[in-house]
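Take a look at the letters that make up each chain.
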Amino acid sequence: MGKRIFNQIAIVDKQELFRAGIKNILELDESIQIIQECNSLDELHLFDENNFPNIILIELGTAPLTTLQSIADTLQINPKLKFLVLTDITDSFYVLESI
């Protein structure tokens with residue numbers, strides 16, 4: 001029997017090396033499939049039915065307000081998407097806004 005995919009994930013981060021490392025770790029779990037990798041949400045192909053993620057792993061980056069607004073805009077289009085936000089920012093404002 002083939003592996004069962006439960007989570008189709010898109011990784012959004014400007015650092016290609018980081019994306020590759022996260023992909024390698026996540027793909028150790030047979031229920032996870034990385035279907036897209038890109039630098040920004042603008043590059044993500046959310047309307048490609050063959051590569052549609054149910055989870056987007058994203059880093060806030062150097063422009064956290066812009067990223068948070070992009071997440072909000074994306075959720076307006078598809079409210080069923082789930083985001084996992086990564087950041088090294090410790091400012092509680094950004095942490096609370098990403099929830």
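Our structure's up above, just so we're on the same page.
The numbering scheme is per chain: residues are counted from 1 as the chain's sequence reads. pLDDT decides what is reported in this predicted model: residues at 70 or higher carry local features, side-chain atom pairs at 80 or more are listed and counted, and totals for whole chains, interfaces and linings draw on all residues regardless. Based on all heavy atoms of the structure, the side-chain values leave hydrogens and waters out of the count.

### Overview of the pairing of strand E2 (residues 32-38)
Now for step 1: Each residue is assigned to one of three classes by its accessible area relative to the maximum for its type, calculated with a 1.4 Å probe on protein chains only: buried under 20%, partly exposed between the two thresholds, exposed over 50%. Segments assigned H or I by DSSP are reported as helices when at least four residues long, segments assigned E as strands when at least two residues long, and all are numbered from the N terminus. Counting buried positions along E2 gives 5 out of 7 residues, so the element sits mostly inside the fold.
Now for step 2: For strand E1 (residues 7-12) and E2, the ladder comprises 6 bridges, and the chain directions are parallel. By the bridge assignment, Ala10 is partnered in E2 with Gln36. If DSSP finds at least two bridges between two strands, the strands pair.

### Observations regarding the nonpolar core
Across soluble globular proteins, nonpolar side chains show a tendency to be buried alongside one another.
Now for step 1: What is meant by a nonpolar core is a set of buried Ala, Val, Leu, Ile, Met, Phe, Trp, Tyr and Cys residues, joined one to another through side-chain atoms within 4.5 Å. Of all hydrophobic cores here, the largest spans 11 residues; its members are Ala10, Val12, Cys38, Leu41, Leu44, Leu46, Ile56, Ile58, Ile71, Leu81 and Phe83.
Now for step 2: Of all the secondary-structure elements, those providing two or more residues to this core are E1 and strand E3 (55-59).
Now for step 3: Membership of the second largest hydrophobic core comes to 7 residues, among which are Ile9, Ile32, Ile34 and Leu57.

### Quick look at the layout of surface pockets
Now for step 1: Considered as a void within the structure, the largest pocket measures approximately 360 Å³ in volume.
Now for step 2: For the largest pocket, the lining is made up of 17 residues, of which Lys14, Asn39, Glu59, Leu60 and Thr67 are closest to its centre.
Now for step 3: For the lining of the largest pocket, the secondary-structure elements that each account for two or more residues are E3 and helix H2 (64-77).
Now for step 4: Partitioning the lining of the largest pocket into residue classes produces 5 nonpolar, 8 polar and 4 charged.
Now for step 5: A volume near 170 Å³ is recorded for the second largest pocket.
Now for step 6: Around the second largest pocket, the lining residues are Leu65, Leu68, Gln69, Ile71, Ala72, Leu75, Phe83, Val85, Glu97, Ser98 and Ile99.
Now for step 7: Among the secondary structure elements, those contributing two or more residues to the lining of the second largest pocket are H2 and strand E4 (82-86). Residues are called lining when one of their atoms sits within 4 Å of a cavity or pocket point, these points coming from a 1 Å grid over the protein atoms alone, where a cavity is a set in which a 1.4 Å probe fits but cannot get out and a pocket is an open set with protein on both sides within 12 Å along at least five of seven lines. Grid points are joined across faces, edges and corners, and a volume is the space filled by probe spheres set on the points. Classification convention: Asp, Glu, Lys, Arg as charged; Ala, Val, Leu, Ile, Met, Phe, Trp, Tyr, Cys, Pro as nonpolar; all other residues, Gly among them, as polar.

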